[in-house]
Amino acid sequence: MLSKKELSKKELSREELKALHGEQYVESFDKGQSKFRLERLINSIPLSSEFKVVDFGCGIGLLVPLLSGKVEYFKMPSPDIIYSHNRKVF
């Protein structure tokens, strides 16, 4: 079982995402999002380790691997995800 701190820093596997959010959400999210598009966007922004980024409604955490180590990054999932996560993990 992962601690809250480990969950906030770790990119979850596809199976962990499905367990947390449900298979239908993960499949529909994959169709609507492009990791390549986000990588291009992040790489076009001059980032500094002094920056603090709060990702409200972070979904499945696509930005975690893209911003990890580049900025101070905080994930803020939507309240329904927090409730669902707490019921399944804690």
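Residues numbered from 1 in each chain as written. Predicted model: local features only at pLDDT ≥ 70, side-chain atom pairs only at ≥ 80, totals over all residues. Heavy atoms only, no water.

Points about the overall build of the protein
Link 1 in the chain: Within the protein, the regular secondary structure consists of six helices and two strands.
Link 2 in the chain: A total of 90 residues make up the protein; the buried ones form 28% of that total.
Link 3 in the chain: Taking contacts inside the protein between residues at least 6 apart in sequence as the whole, the part at least 24 apart equals 44%.
Link 4 in the chain: Element-wise, carbon and sulfur atoms account for 56% of the exposed surface of the protein, whose accessible area totals about 6400 Å². (Helix = DSSP H or I, 4+ residues; strand = E, 2+ residues; numbered from the N terminus. Buried < 20%, exposed > 50% of the residue type's maximum accessible area, 1.4 Å probe, protein only. Contact = heavy atoms within 4.5 Å. Areas by Shrake-Rupley, 256 points an atom, 1.4 Å probe, with all protein chains shown as cover.)

Observations concerning the nonpolar core
Link 1 in the chain: By size, the foremost hydrophobic cluster in this structure holds 15 residues, and its most contacted members are Leu17, Leu38, Ile42, Leu63, Leu66, Leu67 and Tyr73.
Link 2 in the chain: Mapped onto this core, the elements with two or more residues apiece are α2 (14–21), α4 (35–43) and α5 (63–67).
Link 3 in the chain: The dominant element in this core, judged by the number of residues it contributes, is α5, at four residues. (Core = buried A, V, L, I, M, F, W, Y, C linked by side-chain atoms within 4.5 Å.)

Overview of the environment of Glu16
Link 1 in the chain: Mapped onto the elements, Glu16 comes out in helix α2.
Link 2 in the chain: Considering only alpha carbons, one finds Glu16 and Ile60, 44 residues apart in sequence, at a separation of 9.9 Å.

Quick word on the side chain of Lys18
Link 1 in the chain: In this structure, Lys18 sits in helix α2.
Link 2 in the chain: Since its relative accessible area comes to 19%, Lys18 is described here as buried.

Some thoughts on the confidence of the model for the protein
Low pLDDT marks regions whose predicted coordinates should not be analysed in detail.
Link 1 in the chain: Model confidence for the protein is summarised by a mean pLDDT of 75, while 69% of its residues fall at 70 or above.
Link 2 in the chain: When pLDDT is averaged over each element of the protein, strand β1 (residues 52–56) comes out on top at 89 and helix α1 (residues 4–9) at the bottom at 50. (pLDDT = per-residue confidence, 0-100.)

Observations regarding the pattern of salt bridges
Link 1 in the chain: Inspection of the entire model under this criterion finds two salt bridges.
Link 2 in the chain: We note a salt bridge from Glu23 to Lys18, for which the minimum N-O separation is 3.9 Å.
Link 3 in the chain: In this structure, Glu72 engages Lys52 in a salt bridge whose closest nitrogen and oxygen atoms are separated by 3.9 Å. Pair noted here: Glu72 is in strand β2 (residues 72–76) and Lys52 is in strand β1, with a separation of 20 residues, a long-range link. (Salt bridge = Lys/Arg side-chain N within 4 Å of Asp/Glu carboxyl O.)

Some points on a nonpolar patch on the surface
Link 1 in the chain: There is a patch of nonpolar side chains on the surface, built from Val54, Phe56, Phe74 and Met76 and spanning about 390 Å² of accessible area.
Link 2 in the chain: Here Phe74 shows up in strand β2.
Link 3 in the chain: Judged by relative accessible area, which is 35%, Phe74 ranks as partly exposed. (Patch = residues over 30% accessible without salt bridge, like charges linked within 9 Å, V, L, I, M, F, W, Y side chains within 5 Å.)

Comments concerning α2
Link 1 in the chain: Buried within α2 we find Leu17, Lys18, Leu20 and His21. Take α2 and look down its axis: the buried residues cluster within an arc of 165°, on one side only.
Link 2 in the chain: Where α2 ends, the next residue or the one after it, Gly22, has phi of about 100°, a positive value. (Arc of directions from axis to C-beta.)

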